[in-house]
Amino acid sequence: MSNLLQELEQLYQDASAALDGCQTLEETEAWHAAYLGRKGAVTAIVRGVGQLPREERPAFGKRANEIKVTLEAALRGRQERVALAEMEQALSAEGIDVTLPGRPQQIGKLHPTTVALREIVDIFTQMGFEVFDAREVETDELNFELLNFPPGHPAREMQDSFYTDTEDVILRTHTSPGQIHAMRKYAPEPIRVILPGKCYRNEDVTARSEMMFYQVEGLVVGRNVTFSDLKGVLLNYANQMYGEGRKIRFRKSYFPFTEPSVEVDVDCILCGGEGCRVCKYTGWLEILGAGMVHPVVLRNGGYDPAEFSGFAFGMGIERQAMNKYSIDDIRYFYENDARFLERVG
Ligand code: PHE
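Predicted model, so just to flag it, every value in this text is computed and none were measured.

Definitions and cut-offs
- Residues numbered from 1 in each chain as written.
- Predicted model: local features only at pLDDT ≥ 70, side-chain atom pairs only at ≥ 80, totals over all residues.
- Heavy atoms only, no water.
- Helix = DSSP H or I, 4+ residues; strand = E, 2+ residues; numbered from the N terminus.
- Rg over C-alpha atoms; globule rule 2.2 N^0.38 Å.
- Contact = heavy atoms within 4.5 Å.
- Areas by Shrake-Rupley, 256 points an atom, 1.4 Å probe, with all protein chains shown as cover.
- Lys, Arg positive; Asp, Glu negative; His and termini not counted.
- Charge placed at Lys NZ, Arg CZ, Asp CG, Glu CD.
- Domains from an automatic or database assignment.
- Expected span 1.5 Å × (residues − 1).
- Buried < 20%, exposed > 50% of the residue type's maximum accessible area, 1.4 Å probe, protein only.
- Arc of directions from axis to C-beta.
- Pairing = 2+ DSSP bridges.
- Axes fitted to C-alpha atoms, helices over the stretch in contact; angles between N-to-C directions.
- Near = heavy atom within 4 Å.
- Polar contact = N/O pair within 3.5 Å; in protein donor to acceptor, adjacent residues only side chain to side chain.
- Disulfide = S-S within 2.5 Å.
- Salt bridge = Lys/Arg side-chain N within 4 Å of Asp/Glu carboxyl O.

Structural notes on the overall build of the protein chain
A tally of helices and strands in the protein chain yields 11 helices and nine strands. Against the globule reference of 20 Å for 345 residues, the protein chain gives a C-alpha radius of gyration of 41 Å, more extended than a compact globule. Dimensions of the protein chain along its principal axes, counting C-alpha atoms only, are 120 × 50 × 45 Å. Residue pairs at least 24 apart in sequence account for 67% of intrachain contacts in the protein chain once pairs closer than 6 positions are excluded. Summed over its atoms, the accessible surface of the protein chain is roughly 19,100 Å², and 51% of this surface lies on carbon and sulfur atoms. Both charge centroids of the protein chain, one from 38 positive and one from 51 negative side chains, sit 4 Å from each other.

Remarks on the domain arrangement of the protein chain
Put simply, an interface is often sized by how much accessible area is lost when its parts join up. Partitioning the protein chain into domains gives domain 1 (3–94) and domain 2 (112–344). If you average the C-alpha positions of domain 1 and of domain 2, the two centres end up 84 Å apart.

So, helix H1 (residues 3–20)
Its 18 residues place the ends of H1 26 Å apart at the C-alpha level, agreeing with the 26 Å of an ideal helix rising 1.5 Å per residue. Those residues of H1 lying buried are Leu4, Leu5, Leu8, Leu11, Tyr12, Ala15 and Leu19. For H1, the angular spread of buried residues about the axis comes to 115°, placing them on one side. The exposed set on the far side of H1, more than 90 degrees from its buried face, consists of Asn3, Ala17 and Asp20. Packing partners of the buried residues in H1 comprise helix H2 (25–35), helix H3 (41–47) and helix H4 (57–94).

Some details on the sheet that holds strand S8 (residues 284–293)
Taken together, seven strands build an open sheet; the order of strands is S1-S4-S5-S9-S8-S7-S6 and the sheet is mixed. Because the sheet does not close on itself, it has two edges, and the strands there are strand S1 (130–131) and strand S6 (248–255). Two strands pair when backbone bridges link them, and strand S7 (residues 258–267) and S8 are joined in this way by eight bridges, in the antiparallel orientation. The residue of S8 that forms the bridge with valine 262 is alanine 290. Taken strand by strand, helix H7 (residues 177–186) contacts S1, strand S4 (191–200), strand S5 (212–222), S8 and strand S9 (309–316), and its axis lies near 145° from that of S4. Running at roughly 65° to S9, helix H10 (residues 317–325) makes contact with S5, S8 and S9 of the sheet.

Some points on the site of the ligand
Taken together, 15 residues sit near the ligand, with His174, Ser176, Arg201, Gln215 and Glu217 positioned nearest. A distance of 2.9 Å separates a nitrogen atom of the ligand from a polar side-chain atom of serine 176. Here an oxygen atom of the ligand sits 2.9 Å away from a polar atom, N or O, in the side chain of arginine 201. When the free accessible area of the ligand is taken as 320 Å², the share hidden by the protein chains comes to 92%. Elements supplying a minimum of two residues to the shell around the ligand: S5, S8 and S9. With three residues, the top contributor of residues to the shell around the ligand is S9.

Quick notes on the state of the cysteines
Joining two cysteines, a disulfide is a covalent bond between their sulfur atoms. Scanning the entire structure with this criterion turns up zero disulfides. In this structure cysteine 268 is not part of a disulfide, and its nearest cysteine sulfur, from cysteine 271, lies 3.6 Å away.

Some points on unusual backbone geometry
In this structure, the amide linkage connecting alanine 187 to the following residue, proline 188, adopts the cis form with an omega of 5°. Residue position: proline 188 is located in the loop between H7 and S4. Cis peptide bonds are those with omega within 30 degrees of zero, and the linkage from glutamate 259 to proline 260 qualifies with -5°. Structurally, proline 260 can be placed in strand S7. For lysine 280, which is not a glycine, the phi torsion comes out positive at approximately 55°. A positive phi angle is found at serine 326, which is not glycine, with a value near 50°. Summarising the element assignment, serine 326 is placed in the loop between H10 and helix H11 (338–343).

Re the pattern of salt bridges
Across all of its chains, the model carries 11 salt bridges by this definition. The partner of arginine 63 in a salt bridge is glutamate 9, and the shortest N-O contact between them spans 2.6 Å. You can see arginine 63 sitting in helix H4 and its partner glutamate 9 sitting in helix H1, a full 54 residues away along the chain. With a relative accessible area of 24%, arginine 63 lands in the partly exposed category. As a salt-bridge pair, aspartate 337 and arginine 339 come within 2.7 Å of each other at their nearest N and O atoms.

Structure (structure tokens):
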């Protein structure tokens, strides 16, 4: 064996041993410079190939190449092990236990009112209703007069209003003024709309009434709309919202803008009508107010009551959620207590 080849083999042994001794990435980099770099020892010997007799050069070149490739691979392996060891050391020095489970993230949910509203909108859109948006700030005229509440009429006291600095401008007390907006937009075409939105009443806050709450109004106007249509639509609503096979009942009532007027109940979803704490032992849960659109209101909306008829209904959205999820106090909805918000919906 030529001296040069012997030198190369010796260098290979030394380099391998030196690499095994490298404990940090810095050391491996220094090792690379010392052996394989431009000025490294292996590189220097390989350059000496010119001193060899011509016939020995191919074997030397082949072996030199093998050694370079092997050392480069060994370097990469060493660097990986050193990097891992350095990371483990850093982690244990910082006291981080990477095997600990992560902290659970709080995931947002829809508000119970939104959940109920979306269900209501789905049910009525399936029946061919469209959503109609109306404003929350109204005039006394739209909120009351055109709905057949004359000034000073005692029925106004059913709905105490919030007034604004501008005379006759109030926060709407119900979604019913939207009936007039819809009729004036569509007359003399037939109408089938629901109108969801916020309402405001200047009342004491109790378990059953909030100052701000949501309603969904429904309005159908056409040439042959009857009370039976109203019954069919509401029965379908009750079955979809509260479960198949639900019964509804109508109690006579009074609203200035409908005639006749009714209040509608569904049989208690907890006891099925037997009587329990949730239905206050009546067997029924109130769901909404409704009736046939009063001729005066039809006329105010631009329809001739001799040719057109209609029905309307109005429901509290929180009330629907209270019935469905057995919530006994409306105040929970807007107190923002996460325990309540997480439970429902
Ligand atoms: N606007 C009435 C209320 O707020 C509900 C209602 C709407 C009744 C439509 C009849 C028809 O109580």
